[in-house]
Structures are given as C-alpha cells and as structure tokens.
Amino acid sequence: MPVYRHPKSWLVLVVSGLATAFAWLSLANPGMAGLIELCGENGVFAYVAPWTFERLLGLGAMWCTMGVAMMVPCIVMALLSSGWHWRESFGFFTAALCYALGYFGIVLPLLLVAAGIEWTLESLGFVSAGLAPNHPLVSVLLLGFGLIVLTWRRYRSGTFRQQGPALCGVNHARRHMPAFFAMISAQLALGSMNLGAMALLSLLMLAGEYWPILRYRRALIQVLPIVR
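All values reported here derive from a predicted model rather than from experimental measurement.

(A) Focus on the overall build of the protein chain. Looking only at helices and strands, one finds eight helices and zero strands in the protein chain. Listing the helices and strands of the protein chain from first to last along the sequence gives α-α-α-α-α-α-α-α. With 228 residues in all, the protein chain has 46% of them scored as buried. Across the protein chain, the fraction of contacts at a sequence separation of at least 24, relative to all contacts at a separation of at least 6, is 70%. As displayed, the protein chain has an accessible area near 11800 Å², and 70% of this comes from carbon and sulfur atoms.

(B) Region of the structure containing the packing of aromatic side chains. Inspection of the entire model under this criterion finds three aromatic pairs. Ring geometry for phenylalanine 92 against phenylalanine 93: centres 6.1 Å apart, planes inclined by 80°, an arrangement best described as edge-to-face. For phenylalanine 92, a relative accessible area of 2% puts it in the buried group. By relative accessible area, which is 36% here, phenylalanine 93 ends up partly exposed. Relative to phenylalanine 180, the ring of tyrosine 103 lies with its centre 6.0 Å away and its plane at 85°, an arrangement referred to as edge-to-face. Of the two residues, tyrosine 103 sits in helix 3 (residues 92-123) while phenylalanine 180 sits in helix 6 (residues 177-190), which places them 77 residues apart along the sequence. Directly above the ring of tryptophan 84 sits arginine 87, whose terminal nitrogen or CZ lies 4.0 Å from the centroid.

(C) Region of the structure containing the packing of helix 3 against helix 5 (residues 165-175). Put simply, helix 3 and helix 5 touch, their axes get as near as 7 Å, and they point 35° apart. As for how helix 3 packs across helix 5, the hand of that crossing is right-handed. Contact residues: Ala95, Cys98, Tyr99, Gly102, Tyr103, Ile106 and Val107 in helix 3; Pro165, Ala166, Cys168, Gly169, Val170, His172 and Ala173 in helix 5. Of the residues assigned to the contact of helix 3 with helix 5, the class counts are eleven nonpolar, three polar and no charged.

(D) Layout of the nonpolar core. In this structure, Trp63, Met71, Tyr103, Val107, Phe180, Met183 and Ile184 are the most contacted members of the largest nonpolar core, which totals 48 residues. Of all elements in the fold, only helix 1 (7-27), helix 2 (53-85), helix 3, helix 4 (136-150), helix 5, helix 6 and helix 7 (195-215) reach the threshold of two or more residues within this core. No other element matches the 15 residues that helix 2 contributes to this core. If sequence neighbours within four positions are ignored, tyrosine 103 has contacts with Met71, Ile75, Gly169, Val170, His172, Ala173 and Phe180.

(E) Spotlight on the side chain of serine 192. Tracing the sequence through the fold places serine 192 in the loop between helix 6 and helix 7. One polar contact links serine 192 to glutamate 118, side chain to side chain, over a distance of 2.5 Å.

(F) Local environment of the packing of helix 5 against helix 6. At their nearest, the axes of helix 5 and helix 6 sit 5 Å apart, and the two run at 55° to each other. Between helix 5 and helix 6, the angle is such that the two are oblique. Residues Ala173, Arg174 and Arg175 of helix 5 form the contact with helix 6, whose participating residues are Met177, Pro178 and Phe180. The class makeup of the residues in the contact of helix 5 with helix 6 is four nonpolar, no polar and two charged.

(G) Highlighting a nonpolar patch on the surface. Taken together, Leu11, Val14, Val15, Leu18, Phe22, Leu25 and Phe93 make up a surface patch of nonpolar side chains, about 590 Å² in accessible area. In terms of residue count, the dominant contributor to the nonpolar patch is helix 1 (six residues).

(H) Here's a closer look at the environment of leucine 108. For leucine 108, the position within the fold is in helix 3. Taking the C-alpha atoms as reference points, leucine 108 and glycine 60, 48 residues apart in sequence, are found 9.4 Å from one another.

(I) Looking closely at helix 1. A rise of 1.5 Å per residue sets the reference length of helix 1, with its 21 residues, at 30 Å; its end C-alpha atoms lie 31 Å apart and thus fit the reference within 8%. Within the sequence span of helix 1, burial applies to Ser9, Val12, Ser16, Thr20, Ala23, Ser26 and Leu27. All buried residues of helix 1 lie within an arc of 140° about the axis, which places them on one face of the element. Away from its buried face, by an angle of more than 90 degrees, helix 1 presents the exposed residues Pro7 and Trp10.

Conventions and cut-offs
- Residues numbered from 1 in each chain as written.
- Predicted model: local features only at pLDDT ≥ 70, side-chain atom pairs only at ≥ 80, totals over all residues.
- Heavy atoms only, no water.
- Helix = DSSP H or I, 4+ residues; strand = E, 2+ residues; numbered from the N terminus.
- Buried < 20%, exposed > 50% of the residue type's maximum accessible area, 1.4 Å probe, protein only.
- Contact = heavy atoms within 4.5 Å.
- Areas by Shrake-Rupley, 256 points an atom, 1.4 Å probe, with all protein chains shown as cover.
- Phe/Tyr/Trp six-rings, centres within 6.5 Å; stacked < 30°, edge-to-face > 60°.
- Lys NZ or Arg CZ within 6 Å of the ring centre and 35° of its normal.
- Axes fitted to C-alpha atoms, helices over the stretch in contact; angles between N-to-C directions.
- Left-handed = near helix turned anticlockwise from the far one by under 90°.
- Nonpolar A, V, L, I, M, F, W, Y, C, P; charged D, E, K, R; others polar.
- Core = buried A, V, L, I, M, F, W, Y, C linked by side-chain atoms within 4.5 Å.
- Polar contact = N/O pair within 3.5 Å; in protein donor to acceptor, adjacent residues only side chain to side chain.
- Parallel < 35°, antiparallel > 145°, perpendicular 65-115°, else oblique.
- Patch = residues over 30% accessible without salt bridge, like charges linked within 9 Å, V, L, I, M, F, W, Y side chains within 5 Å.
- Salt bridge = Lys/Arg side-chain N within 4 Å of Asp/Glu carboxyl O.
- Expected span 1.5 Å × (residues − 1).
- Arc of directions from axis to C-beta.

Here it is, written out as structure tokens:
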C-alpha cells in the first residue's frame with residue numbers, strides 16, 4: 001500500500017498542517033485563539049528595548065516560530081517516508097517524530113544563532129524593530145554571504161535505508177545547511193519581520209526541496225516509498 005494511503009499518514013499530515021498554520025497565524029497577528037503577533041509592525045516584540053535579555057528572548061521565539069512555519073512543510077514527505085519505512089521497528093508515529101527531532105535539533109540552534117545576530121545588529125544600531133538594515137552595505141554583505149554559501153558543496157549523507165530515523169533527520173538538515181544559511185541571510189537583509197519576504201523564501205525552500213523529487217521520481221522510487 002502506498003504510504004500516502006496509510007491511515008496514520010493522514011494524522012501526520014494533519015499535525016504538520018496545524019503546526020504550520022498556528023506558526024503562521026502567530027507571526028501574522030491572528031486575533032484569535034489567544035495567540036500573539038510575533039512579526040509585523042505591531043509585533044509584540046517590536047517595542048522591546050534593544051540590548052536586553054527580553055529582546056533576545058523575543059527574537060529567539062520569533063525565529064523559532066519562523067522555522068516551524070517555513071520548514072515543517074519542507075519535511076512532510078520525509079516524515080511520512082520515515083514513518084512508513086520504520087513502522088515495524090519503531091512504529092509509524094515514533095519514527096516520524098524521531099525524524100522531526102533530528103531535523104529540528106540542527107535547525108533550531110541555527111535559528112537561535114540568527115536571533116543572536118539580529119539582536120547584536122539591533123543593539124549596534126544597524127537594524128531596528130525587525131526592519132531591513134539601516135545601512136545598505138549591511139544588506140549587501142548579508143545577501144552576498146547568502147549567495148556565497150549557496151555555492152558550497154553540499155553534505156552527502158548515506159542512503160535512507162542504512163540509518164535510523166533520527167540520524168536521517170539530522171543528515172537531512174545537514175545536507176541543506178547552505179540553503180538554511182542563505183535563507184537566514186536573506187531574511188536578515190530584507191527584515192526579519194517582513195512577512196512578504198518570509199512567504200517568498202518559504203516558497204523557494206519548498207521548491208528547492210520537492211522539485212528534485214518530482215524531477216528524479218524514477219530514481220527515488222526505491223528510496224522514498226511515498227513517491228510511488
């Protein structure tokens with residue numbers, strides 16, 4: 001039975017969709033469900049004084065929420081595939097959860113580093129309230145760094161079937177480190193609270209994740225059962 005027809009796959013899809021939706025809602029001022037607005041001109045952390053622990057904490061929460069909103073959709077197929085592949089040894093849900101923990105165990109620390117970088121830039125006066133840098137040179141340097149890291153040689157992991165789900169999640173994140181750094185650089189250059197830029201970067205991340213699978217579907221059939 002193809003993995004996308006497995007009953008437990010739909011529950012993983014629903015949970016992933018809800019996590020993504022709530023993350024985007026909290027970033028975009030939902031006005032519902034008791035959520036707070038993290039991004040935008042009226043973001044709750046936009047008015048916290050810079051160079052304080054409260055501001056660093058707010059930026060960390062914002063960047064981690066951004067990570068969930070932007071990157072959970074990028075690993076949905078991998079979650080389903082890992083659950084399907086290790087369903088007998090780990091259980092479908094446990095395997096999918098381990099994969100997600102391995103993936104975000106790499107991604108979330110990077111996002112906290114990004115929050116620290118923005119905190120430092122704000123405190124030095126180069127950035128204010130999640131907007132684009134005040135000095136064009138800072139934006140150019142950030143975008144230039146993002147373009148440079150995209151040319152880095154990508155990390156090569158082992159085959160899907162030779163590793164456990166958590167390690168596969170770690171390797172998935174490591175394999176896409178250049179894209180993560182480029183995304184962070186672009187978000188800082190365009191303004192961390194710029195929801196339009198965030199949405200565009202999310203679409204680019206999705207395209208970069210799934211286009212190779214669609215393009216090389218036949219070659220991946222033996223690796224990821226979901227593409228069948």
